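The chain contents come next:
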Amino acid sequence: MEGTLFPSKPIYPIPITRPPPLIPPPKPTSTALLPPPSTPQSPPFSTVHFDSLLQHLLHLSSSHNINARKVTGSKYPSLRISADSSQKQLQPTKNGNLRSISVLEFDSESEECDGSFEFLSEKGKLMVNSILEQPLHTLTSFFDRSETELLQLDLTGLLKALDVTGSWQRALLLFEWIVMNLDVTNVKIDNQAIELMIRILGKESQHSVASKLFDVIPVEDYSLDVRAYTTIIHAYSSSGKYIKAVSLFQKMKDSGLSPTLVTYNVMLDVYGKMGRSWSKIIGILDEIKSRGLEYDEFTCSTVISACGRDGLLNEAKEFFTGLKSQGYVPGIVTYNALLQVFGKAGVYSEALRILQEMEENNCSPDAVTYNELVAAYVRAGFCDEGAAVIEAMSKRGVLPNSVTYTTVINAYGRAGKMEKALELFEQMKKSGCVPNVCTYNTILGMLGKKAQSEEMMKILYDMQVNGCAPNRVTWNTILAMCGNKGMHKYVNRVFLEMKNCGLEPGKDTFNTLITAYGRCGSDIDAAKMHEEMIKAGFSPCIATYNALLNALARRGDWQSAELVIVDMKSKGFKPRETSYSLLLHAYAKVGNVKGIEKVENDIYGGHIYPSWMLLRTLVLVNFKCRNLAGMERAFQELQNHGYKPDLILFNTMISIFAKNKMYVRTQEMLNLIRESGLKPDLVTYNSLMDMYARGGECWKAEEILKRLEESGGKPDLVSFNTVIKGFCRGRLMQEAVRTLTDMTSKGIQPCIFTYNTLVAGYAGQGMFSEINDLIRYMIEHECRPNELTYKIVVDGYCKARKYREAMDFISKIKSVDDVFDDQSVQRLACRVRERLES
């Protein structure tokens, strides 16, 4: 080795904070060694940063929720005015479609007024003006003071006047006060007032408020019209209270009222959201036909969307074909719904076929169409192709919207390509497309998984600058961050602060809580949240079951996971790809290959749709079980279905091939990476180094290390440890120490694995003097040897049949390493005696 005066004695790294000596010392002494930095194990993220993040979110939420307040002093404490309800807004649906059932289309008179309020008496007009002048938080006490006067007025007229002026919050507070006070006098509020209040809340999309209000007001005691019933049913549906929606629909029919097409459309939406309700949907369609009503585009699109939620691809296709055979001409909304079905499944080839059919039928694609095409690409693993659609849209005169960008950003985040996701986020803002709360939530979720609290605070600041209010999903994202062992108290704290900010937990919140508690290892709290969700009026859904499966998969409880799947099916739910994926991970956690094979047979046999996610999961779980044959078949099936493997899959395949020294197959994977337009990353290079190091080709491993550096990559501790291991196995200790020096010069400090590798290399060559020097150095610089370190040395002595020297070495351990425990010393001594007797 160049510069070494005594080749038998290696020269250890010199501290990078000092200039290297002109002539290296002839013998490795502890004073010449580089002290490793203090690197204590840190929690998943800094609690200090997390506290700051939480405070930042609290401030941002509070500033937007300044008008949010509980209605106090009444028998309805659960009512809360939504924080984002200061003005009516038509929000896009998840796929970007602005046409939503939240705007119920009834043929009724237009509520218009010239501001004269001729339907009110003079006293009534004065009262309306007085109500409008009062701050919201003083209204209840104002009503109490004006009780005598109020009860003498036309209360329904007052509600109508407040609605006309756009003061629906005041109308709600007045309505609640009226109900409370009329209950006291045993006088029922009239039907007209109730119908008006329902219409007001429906028009303002205040579904959560409406559902809570009519949880406590016995609707069945009033003779309401079809429109009122339909609006309440929709409010229940929008709040996730599907069972109540179904019950109210039946009560409406029992009362003798005939549902309109709008009512039926709402019920189709209810059953679609509930899931496992295909037979119910067919029943509604038959009922529509028997009543002589004609399907409209919303009817058709809702049915197809329901198929997409349950993964019923064939049913969606058959329903669509049946519509066309009956002379129905699909419109853009129906086509987009069909695209969504195949987009969710990642069947981009079918999505492209639908797009072609649209163009042939002169049905021009809109932004929603392209959004669904993007979703189809990314679900099949084609993130870059999905991003390319953004440019194609612009060329065709269709501007990408926030949904388009968010879909691709989310896909990059899931694929681990955070840099590309953030680049696209910046491109989105530069293009003039303003991020919405969904975009910000996606970025926050991506950063949260990496525990980048400081970067998350920057995103919250960006939300504040753009006037974007955090919503329940934002808080759910922070809750999900707490899903780590030891973070149990943070889950409770974030949940409490969320409610204090005026955000009521929804079904998604409860599902997030179940997952978070499961990750924290608190199964009792996870089960408790499941019970709390049901008490809150939310029905468990696929996401709820998946949250439970997630918790079970993390601890490898595949027996319980199987019972969850059985329970889902018994209750009419059809497990989705995520459900089966989590079941597979539960099997893999404990190496249950037979369980994996059982699901494999169902996938390959056509009983479970072979989506990109499931085939990808099969590759990963078989890797965990070191099942090469299972990995190869899953990878081949993924390619056969036209899906695109991501870099994680390629690296997984390379890793298993490397461990089995399958050089040809490894090269095939490298070629596929390049053909796919991807670039090898650090994991790829580390796997290649490991393959050559295992195969005794240590110089080839170092060549890969150099190639990584030449390509602009930055080797990590694993990279250098792997090359050091290769040289140690090749009995080239001076080259191993040279690599160690190179590593430390780049600011990468050795770990216990590094030192144990060197100890094993020296022991294999009987260089026990060098081992003693190295151990003293480790102790002096706070990288203490562990029991494995001493075991390697003892085994080296025994292999050389130097049992006396081994016992002598053991007897001196405590004098050198005073914190090494006595039980470990005794185990080492027993090990020598056993070897001596064998």
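Just so it is clear, the structure is predicted and the values come from calculations on it, not from any experiment.

Reading the values: the criteria
- Residues numbered from 1 in each chain as written.
- Predicted model: local features only at pLDDT ≥ 70, side-chain atom pairs only at ≥ 80, totals over all residues.
- Heavy atoms only, no water.
- Helix = DSSP H or I, 4+ residues; strand = E, 2+ residues; numbered from the N terminus.
- Buried < 20%, exposed > 50% of the residue type's maximum accessible area, 1.4 Å probe, protein only.
- Contact = heavy atoms within 4.5 Å.
- Areas by Shrake-Rupley, 256 points an atom, 1.4 Å probe, with all protein chains shown as cover.
- Expected span 1.5 Å × (residues − 1).
- Axes fitted to C-alpha atoms, helices over the stretch in contact; angles between N-to-C directions.
- Parallel < 35°, antiparallel > 145°, perpendicular 65-115°, else oblique.
- Left-handed = near helix turned anticlockwise from the far one by under 90°.
- 1 Å grid on protein atoms, 1.4 Å probe; cavity = no way out; pocket = protein on both sides within 12 Å on 5 of 7 lines; lining within 4 Å.
- Points joined across faces, edges and corners; volume = space filled by probe spheres on them.
- Arc of directions from axis to C-beta.
- Salt bridge = Lys/Arg side-chain N within 4 Å of Asp/Glu carboxyl O.
- Polar contact = N/O pair within 3.5 Å; in protein donor to acceptor, adjacent residues only side chain to side chain.
- Core = buried A, V, L, I, M, F, W, Y, C linked by side-chain atoms within 4.5 Å.
- Phe/Tyr/Trp six-rings, centres within 6.5 Å; stacked < 30°, edge-to-face > 60°.
- pLDDT = per-residue confidence, 0-100.

Trainee: Looking at this model, I keep getting lost on the overall build of the protein. Mind explaining?
Mentor: Summing up its helical and strand segments, the protein has 43 helices and zero strands in all. Residues counted as buried form 53% of the 838 residues belonging to the protein. Taking all contacts inside the protein whose residues are at least 6 apart in sequence as the whole, residues at least 24 apart take part in 65%. Roughly 38,500 Å² of accessible area belongs to the protein as shown, and the carbon and sulfur atoms make up 52% of that amount.

Trainee: Looking at this structure, I do not really get helix H39 (residues 752–764). What am I missing?
Mentor: Each α-helix turn comprises 3.6 residues. Residues three or four places apart therefore point the same way. With 13 residues, H39 should cover 18 Å at 1.5 Å per step; its first-to-last C-alpha distance of 18 Å lies within 8% of that length. For H39, the set of buried residues is Thr 754, Tyr 755, Asn 756, Thr 757, Leu 758, Val 759, Gly 761, Tyr 762 and Ala 763. Considering only its buried residues, H39 is in contact with helix H37 (717–729), helix H38 (733–745), helix H40 (768–780) and helix H41 (787–799). Just past H39, the residue Gly 766 takes up positive phi, approximately 70 degrees.

Trainee: How should the packing of helix H33 (residues 647–659) against helix H34 (residues 663–675) be read in this particular structure?
Mentor: Angle between the axes and distance between the axes: these two values describe a pair of packed helices. Between H33 and H34, whose axes approach to 9 Å, the crossing angle comes to 165 degrees. By the angle class used here, H33 and H34 are roughly antiparallel. Note that H33 runs across H34; the crossing there is left-handed. Packed against H33, whose contacting residues are Leu 647, Phe 650, Met 653, Ile 654, Phe 657 and Ala 658, the element H34 presents Arg 665, Thr 666, Met 669, Leu 670, Leu 672 and Ile 673 at the interface.

Trainee: Help me understand the environment of Gln 427, please; the structure alone is not making it clear to me.
Mentor: Within the secondary structure, Gln 427 is located in helix H20 (residues 418–430). Judged by its relative accessible area of 42%, Gln 427 is partly exposed.

Trainee: What is the right way to read the layout of surface pockets from this model?
Mentor: Where empty space is left in the structure can be found by rolling a water-sized probe over the atoms. Estimates place the volume of the second largest pocket at around 800 Å³. Together, 25 residues line the second largest pocket, and Gly 416, Lys 417, Glu 419, Leu 647 and Asp 681 are the ones closest to its centre. For the lining of the second largest pocket, the secondary structure elements donating two or more residues are H20, H33 and helix H35 (682–694).

Trainee: Even after reading the chapter, I still don't get the environment of Ala 547, so can you show me in this structure?
Mentor: Secondary-structure assignment places Ala 547 in helix H27 (residues 542–554). On the basis of relative accessibility, which here comes to 4%, the residue Ala 547 falls in the buried class.

Trainee: When you look at helix H18 (residues 383–395) in this model, what are you seeing that I'm missing?
Mentor: If you check which residues of H18 are buried, you get Cys 383, Gly 386, Val 389, Ile 390 and Met 393. Down the axis of H18, the sector holding all buried residues measures 105 degrees, keeping them to one side. Set apart from the buried face of H18 by more than 90 degrees, the exposed residues are Glu 391 and Lys 395. Structurally, H18 contributes buried residues whose contacts are with helix H17 (367–379), helix H19 (402–414) and H20.

Trainee: In this structure, what is going on with unusual backbone geometry? I would like to understand it.
Mentor: Peptide bonds are, in most cases, trans, and in most cases residues other than glycine have a negative phi. Positive phi outside glycine occurs at Asn 362, with the angle close to 55 degrees. When you line up the elements, Asn 362 lands in the loop between helix H16 (348–360) and H17. Given a relative accessible area of 71%, Asn 362 falls into the exposed group. The phi angle at Arg 801 is positive, at roughly 60 degrees, despite the residue not being glycine. In this fold, Arg 801 is placed in the loop between H41 and helix H42 (803–816).

Trainee: Please explain the pattern of salt bridges as it appears in this structure.
Mentor: Should their charged atoms come close, side chains of opposite charge can pair. Scanning the model with the defined rule gives 38 salt bridges in all. With a shortest N-O distance of 3.2 Å, Glu 357 and Arg 353 are connected by a salt bridge. With Glu 357 and Arg 353 both in helix H16 and four residues apart, the pair spans about one turn of that helix. Given a relative accessible area of 11%, Glu 357 falls into the buried group. Judged by its relative accessible area of 35%, Arg 353 is partly exposed. When the shortest N-O distance is used, the salt bridge between Asp 822 and Lys 814 registers 3.5 Å.

Trainee: How do you make sense of the environment of Glu 350 when you look at a structure like this?
Mentor: With respect to the element layout, Glu 350 can be found in helix H16. Judged by its relative accessible area of 11%, Glu 350 is buried. Between the C-alpha atom of Glu 350 and that of Leu 339, which follows or precedes it by eleven residues, the distance is 8.2 Å. Setting aside residues no more than four positions away along its own chain, Glu 350 makes contact with Lys 317 and Phe 342. In this structure the side chain of Glu 350 is engaged in a polar contact, spanning 2.7 Å, whose partner is the side chain of Arg 353.

Trainee: What's the story with the nonpolar core in this structure? I'm lost.
Mentor: Core analysis: the largest hydrophobic core is formed by 256 residues, its most contacted members being Phe 143, Leu 158, Leu 174, Trp 475, Leu 618 and Phe 809. Here this core takes ten residues from helix H6 (residues 168–184), the largest share from any one element. In contact with Phe 143, not counting residues within four places along its chain, are Ile 131, Leu 150, Leu 173, Leu 174 and Trp 177.

Trainee: When you look at the packing of aromatic side chains in this model, what are you seeing that I'm missing?
Mentor: Given two aromatic rings, one states the distance between the centres and the angle between the planes to describe the pair. Applying the stated rule across the entire model yields 16 aromatic pairs. Arranged with centres 6.0 Å apart and planes meeting at 55 degrees, the rings of Phe 142 and Phe 143 form a pair that is tilted. Look at Tyr 755 and Tyr 777: their rings are 5.7 Å apart centre to centre, the planes differ by 70 degrees, and that puts the pair in the edge-to-face class. Of this pair, Tyr 755 sits in helix H39 while Tyr 777 sits in helix H40, and the two are 22 residues apart along the sequence. Considered together, Tyr 755 and Tyr 777 belong to a single accessibility category, that of buried residues. Members of the aromatic cluster, each reached through a chain of ring pairs, are Phe 768, Tyr 790, Tyr 797, Phe 809 and Phe 820.

Trainee: Would you mind showing me how to read the confidence of the model for the protein here?
Mentor: Detailed reading of the predicted coordinates is not advisable wherever pLDDT is low. Of all residues in the protein, 85% have pLDDT values of 70 or greater, and the mean over the chain is 79. A low-confidence stretch, residues 1–11 (pLDDT under 50), is modelled with 28 contacts involving residues beyond four sequence positions or located in other chains. Predicted confidence is poor over residues 106–114, with pLDDT under 50, and the contacts of this stretch with residues over four places away or in other chains come to nine contacts.

Trainee: Explain the packing of H39 against H40 here, please?
Mentor: Taken N-terminus to C-terminus, the directions of H39 and H40 make an angle of 165 degrees; their axes are 8 Å apart at the nearest point. It follows that H39 is roughly antiparallel to H40 by the angle criterion. You can see that H39 and H40 cross each other, and the crossing is left-handed. On the side of H39, the interface is formed by Ile 752, Tyr 755, Leu 758, Val 759, Tyr 762 and Ala 763, while H40 contributes Phe 768, Glu 770, Ile 771, Leu 774, Tyr 777 and Met 778.

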